[in-house]
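If you want the building blocks of each chain, they are given just below.
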Amino acid sequence: MLRSIICHAGQPCDASGDFLPTGTQLEPHQPKPPNNWSPYSTRLKFKLADFIYMHNQMSAGNLNILLDLWAASLVEAGGHPIFSSHTEMYQTIDSTQVRDVKWQFFAVKYTGDVEVDPAPWMHDEYDIWFWDPHKVIQNMLANPEFAKEMDYQPFPDIIAQDVDCLGSTFVPITLGSDKTTVSVATRQNDYYPLYLSIGNIHNNVHQAHCNGVTLITFLAMPKTTREHAGKDTFHKFQCQLFHSSLGCILKTFKPSIEKPEVIPFGDGHHQHVIYGIGPYIADYEEQALLTCIVCNRCPQCLAYHNNLDKNDTLQSCHDHTELLIAKSSLATLWDEYGIVGELIPFTNDFLHADIYELITPNLLHQIIKGVFKDHLVEWVEKYLIAAVTPFPGLQHFPQECHFKQWMGDDLKALMKVYLPAIEGHVPKEIVCTFHVLLEFCYLIQKNHAVKHYKQLIQLFGAPNGLCSSITKLKHVKAVKKPYQHTNKYHTLDQMLLINQQLDKLAVSQADFDSRGMLQGTCLLMSQGDYEEVSGPRVKVHHNQATTVVALAGDLCIPNLPELVCAFLVGQLYPDDNCDPADISHLECPGYEGQISICNSASLTFYALHDLSGIGGMHQEYICTTPAWRQEGPRYDCVFVMTGLELEGMHGMHGMDIARVLHFCLFKSGGIYYPCAVMHWFHHIGDEPDETTGMWMVCLSLNRHDKHNLTVIHVGTIFCAVHLIPMYGQDFMPQDIAPCHSYDTFHSFYVNKFADHHAFKVAY
């Protein structure tokens, strides 16, 4: 049970388990030599295997063709390709020994009472292949990539009462499962993957598509004839098979749930580790299966399905359920308490595990799909259909208004732009309802499950920390893509092998990277002239060169030379607030020479809650081009750091918004100046709009009613910002393309729902 959490930091120890004094330095160990690429003979061999298998995912047949052409090109030079065939490459990957975990299996079958005329499924045997989750978690803890992305302090108070556990690091075992279908056209190919993670690693590791979440098994999915499929006996066998399989797979943890073990961590230290069954990520259907309840009952309390709004219902717990089972008939358990008495949850086999306390909130299905799509969007559609003609404000959505066909990613995209689209066309109360829901989604239904969110957020850092969207993302890499690369015959065996080889490549990547062996590119390293340098946070991608005067004509900005001069004054005299016109020509001669222009720049910044690398660093591109994908111009808007946020000031952290017209680079006085020509926006009001909760801006004009333009250093650009027009009550003409919205409208909402980073900036 994960009740209140208190801080007992894990204390490092030596390999024999003796605790080390605070501040003890790591003992030097003999690392592998920097040229040891085992099982690959060279860096080039590893990088090719990694690119072909993990990134390009080329089929074996196509790889053989490529290697044959490669060999033919080397005949005259007397050389040979790195691999002779796909078989050699696969065998090399398979020979990886670092943190190797082998597939194991066990067989299960029905052992209950057999009928006179037994159904076929009663005699079937089901093979379940799995990775030992104990070894998988040991590998996670020893992964050097996670060393700085891990907490050593989570420690449940109930375990702290054991003196043998003092100084230990508690490792919550996080599980998640979700049935998925990979092909319907050929035949119904369903799979039931079970994923594993630990509660110690940070959120960005879960979201970074690395091995922070690992497939450990495909659970059995018994099938039978239509005649027997609907019978209670078969259904209960399916449910108990699920629980029995989980218990068998996780049984290797039992000794270390009771007493700590000593294992190495990625930072080089050893730690005493005590394990515990932690949160389980599942949608409602599986939550009911996990808690062994009747469908339509709450998996966390005893509320009746026809009175879920009652506030004084008791919380479900293991001890209470066991007492009810001991004292009540199966019929009473089913009718009065919604409990399936014949089923035994897998957590009964593990110390301190109460399944009712381990169910996590399901943000994707309960809120995004359940509340947003099934309730609020339908509500708006009914209102609009009853009051006005179909809403043109949604015409640019890829699938228009066929919301029942939208997937999770589609709905999330719709959520980001829906609020301004309906504002002015529906009552204020409807807009406010959407505003509150979106705020909740980004911090975390007329829905009973929301009553349990406060406690679950406190326990697990959920729902943003643990949600079924994590397992949905893993489906693509662990199930759907591997299935596509099978020959569609006995696919499970092939999918297991593919996942094993992907894992071995990821382990090798982490191993080589931790030893500093992957710096630079293969070509630079082979030439021996690689030197690591620290680059700027904003990197401009150069395109073409011209002069300032010519650029002024191209951009229709006659005063561009004066703007460049003002920019140079600000760079040369940052503490001087005088008018650039008052600066002596000798002190600031201006600039009218060559200037390079480009159509994009890349920004790198810390964005922990959005898709990013393990360190939380996120990269995005800012575009300034007159022809974007042959559909029209694209000039992006950005947050610009213009001043410090004052005490008591709320909003966009002292930042303003501008539209980038061009990125430029020129050299003056021996110094290179990366800069950008900006068109500014002006804040409307001193606080966000009360109805939508979003800041409002309008195009900024100077005293001559001309566009307010300046040139700024690219280092003051913080990140991109998404602006949505304030459509008002008029319907938008259908001939307005999205690329023209910044030029067509005058006022805009600052879309804080574009991503989690924008939500933090434009709060």
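Just so we're clear, the structure is a prediction, and the values are computed from it rather than from any experiment.

1. Digging into helix H8 (residues 232–250)
Point 1. Taking 1.5 Å per residue, 19 residues should reach 27 Å; H8 reaches 27 Å between its end C-alpha atoms and fits that length.
Point 2. When H8 is considered as a whole, its buried residues turn out to be Phe234, Phe237, Cys239, Gln240, Leu241, Phe242, His243, Ser245, Leu246, Gly247, Ile249 and Leu250.

2. Some points on the pattern of salt bridges
Point 1. Counted under the stated rule, the structure contains six salt bridges.
Point 2. Here Lys236 makes a salt bridge to Glu342, at a shortest N to O gap of 2.4 Å. Of this pair, Lys236 sits in helix H8 while Glu342 sits in the loop between helix H12 (330–337) and helix H13 (363–387), placing them 106 residues apart in sequence.
Point 3. Owing to a relative accessible area of 25%, Lys236 belongs among the partly exposed residues under this scheme.
Point 4. By relative accessible area, which is 36% here, Glu342 ends up partly exposed.
Point 5. Here Arg634 ties to Asp636 by a salt bridge, and the two come within 2.8 Å at their closest N and O atoms.
Point 6. Exposure remark for Asp636: the relative accessible area of 13% places this residue in the buried category.

3. Points about the confidence of the model for the chain
Point 1. Taken residue by residue, the chain gives an average pLDDT of 77. The fraction at 70 or more is 71%.
Point 2. Residue range residues 382–409 is modelled with pLDDT below 50. Its contacts to residues more than four positions away, or to other chains, number 49 contacts.
Point 3. Predicted confidence for residues 443–447 stays below pLDDT 50, and this span has 15 contacts to residues more than four positions away or in other chains.

4. As for the packing of aromatic side chains
Point 1. Tallied over the entire structure, the rule returns 22 aromatic pairs.
Point 2. Relative to Tyr673, the ring of Phe567 has its centre 5.9 Å away and its plane inclined at 85 degrees; by these criteria the two rings are edge-to-face. Pair noted here: Phe567 is in helix H21 (residues 560–572) and Tyr673 is in strand E21 (residues 671–683), with a separation of 106 residues, a long-range link. Accessibility classification places Phe567 together with Tyr673 in one group, the buried group.
Point 3. Aromatic ring contacts, followed pair by pair, group Tyr110, Trp121, Tyr126, Phe234 and Phe237 into a single cluster.
Point 4. The ring of Phe350 has Lys254 lying over it, and the distance from NZ or CZ to the ring centre is 5.6 Å.
Point 5. Note that Lys488 overlies the ring of Tyr483, its terminal NZ or CZ placed 5.2 Å from the centroid.

5. A closer look at the state of the cysteines
Point 1. Throughout the structure, instances matching the rule amount to zero disulfides.
Point 2. Here Cys292 stays unpaired: no disulfide links it, and the sulfur of Cys239, its closest cysteine neighbor, is 7.6 Å away.

6. A short note on the packing of helix H20 (residues 548–555) against H21
Point 1. Put simply, H20 and H21 touch, their axes get as near as 8 Å, and they point 120 degrees apart. In this view, H20 runs oblique relative to H21, as classed from their interaxial angle. Every residue of H21 that contacts H20 at Val548, Leu551 and Ala552 is listed here: Leu560, Pro561 and Val564.
Point 2. Each residue belonging to the contact of H20 with H21 can be placed in one class, and the counts come to six nonpolar, no polar and no charged.

7. Things to note about the environment of Gln238
Point 1. Its location among the elements puts Gln238 in helix H8.
Point 2. At 3.3 Å, the side chain of Gln238 and the backbone oxygen of Pro222 are in polar contact.

8. Comments concerning the packing of helix H1 (residues 43–56) against helix H18 (residues 491–514)
Point 1. Their axes nearest at 11 Å, the elements H1 and H18 cross at an angle of 140 degrees. With respect to H18, the element H1 is oriented oblique. Between H1 and H18 lies a crossing of left-handed hand. Across the interface between the two elements, Phe46, Ala49, Asp50, Tyr53 and Met54 from H1 touch Leu497, Ile498, Gln501, Leu502, Leu505, Ala506, Ser508, Gln509 and Phe512 from H18.
Point 2. Class assignment for the residues of the contact of H1 with H18 results in 10 nonpolar, three polar and one charged.

9. So, the environment of Thr180
Point 1. With respect to the helices, strands and loops of the structure, Thr180 is situated in strand E7 (residues 180–183).
Point 2. Classification of Thr180 by relative accessible area gives buried; the value is 8%.
Point 3. Along the primary structure Thr180 and Pro193 are separated by 13 residues, whereas in three dimensions their C-alpha atoms are 8.0 Å apart.
Point 4. Discounting residues that sit within four places of it in the chain, Thr180 has contacts with Asn189, Asp190, Tyr191, Pro193, His475, Val479 and Lys480.

10. As for the pairing of strand E22 (residues 696–699)
Point 1. Here three bridges tie E21 to E22, and the two strands are oriented antiparallel to one another. Pairing of Phe681 across the sheet is with Leu699, part of E22.
Point 2. Sheet analysis places E22 next to strand E26 (residues 747–750), joined by three bridges and oriented antiparallel. Bridging from a neighbouring strand, Met696 pairs with Tyr749 of E26.

11. Things to note about the nonpolar core
The nonpolar side chains of soluble globular proteins are, as a tendency, buried together.
Point 1. In terms of nonpolar packing, the biggest core is built from 72 residues, with Ile137, Leu141, Tyr275, Ile277, Tyr280, Leu290 and Phe346 touching the most fellow members.
Point 2. Here this core gets eight residues from one element, more than from any other, and that element is H8.
Point 3. In contact with Ile277, not counting residues within four places along its chain, are Ile173, Leu250, Ile257, Phe346, Thr347, Phe350, Ala353 and Leu358.
Point 4. Judged by nonpolar contacts, the second largest core, of 22 residues, contains Ala49, Ile52, Met89 and Phe512.

12. Notes on unusual backbone geometry
Point 1. Of note, the bond from Ser38 into Pro39 is cis; its omega dihedral lies within 30 degrees of zero at 5 degrees.
Point 2. In this structure, Pro39 sits in the loop between strand E2 (12–13) and H1.
Point 3. For Gln57, which is not glycine, the phi torsion reads 55 degrees and is therefore positive.
Point 4. If you trace the backbone, Gln57 turns up in the loop between H1 and helix H2 (60–73).
Point 5. One non-glycine residue with positive phi stands out, namely Asn296, at about 80 degrees.
Point 6. On the basis of relative accessibility, which here comes to 54%, the residue Asn296 falls in the exposed class.

Here is what the cut-offs are and how they apply
- Residues numbered from 1 in each chain as written.
- Predicted model: local features only at pLDDT ≥ 70, side-chain atom pairs only at ≥ 80, totals over all residues.
- Heavy atoms only, no water.
- Helix = DSSP H or I, 4+ residues; strand = E, 2+ residues; numbered from the N terminus.
- Expected span 1.5 Å × (residues − 1).
- Buried < 20%, exposed > 50% of the residue type's maximum accessible area, 1.4 Å probe, protein only.
- Salt bridge = Lys/Arg side-chain N within 4 Å of Asp/Glu carboxyl O.
- pLDDT = per-residue confidence, 0-100.
- Contact = heavy atoms within 4.5 Å.
- Phe/Tyr/Trp six-rings, centres within 6.5 Å; stacked < 30°, edge-to-face > 60°.
- Lys NZ or Arg CZ within 6 Å of the ring centre and 35° of its normal.
- Disulfide = S-S within 2.5 Å.
- Axes fitted to C-alpha atoms, helices over the stretch in contact; angles between N-to-C directions.
- Parallel < 35°, antiparallel > 145°, perpendicular 65-115°, else oblique.
- Nonpolar A, V, L, I, M, F, W, Y, C, P; charged D, E, K, R; others polar.
- Polar contact = N/O pair within 3.5 Å; in protein donor to acceptor, adjacent residues only side chain to side chain.
- Left-handed = near helix turned anticlockwise from the far one by under 90°.
- Pairing = 2+ DSSP bridges.
- Core = buried A, V, L, I, M, F, W, Y, C linked by side-chain atoms within 4.5 Å.

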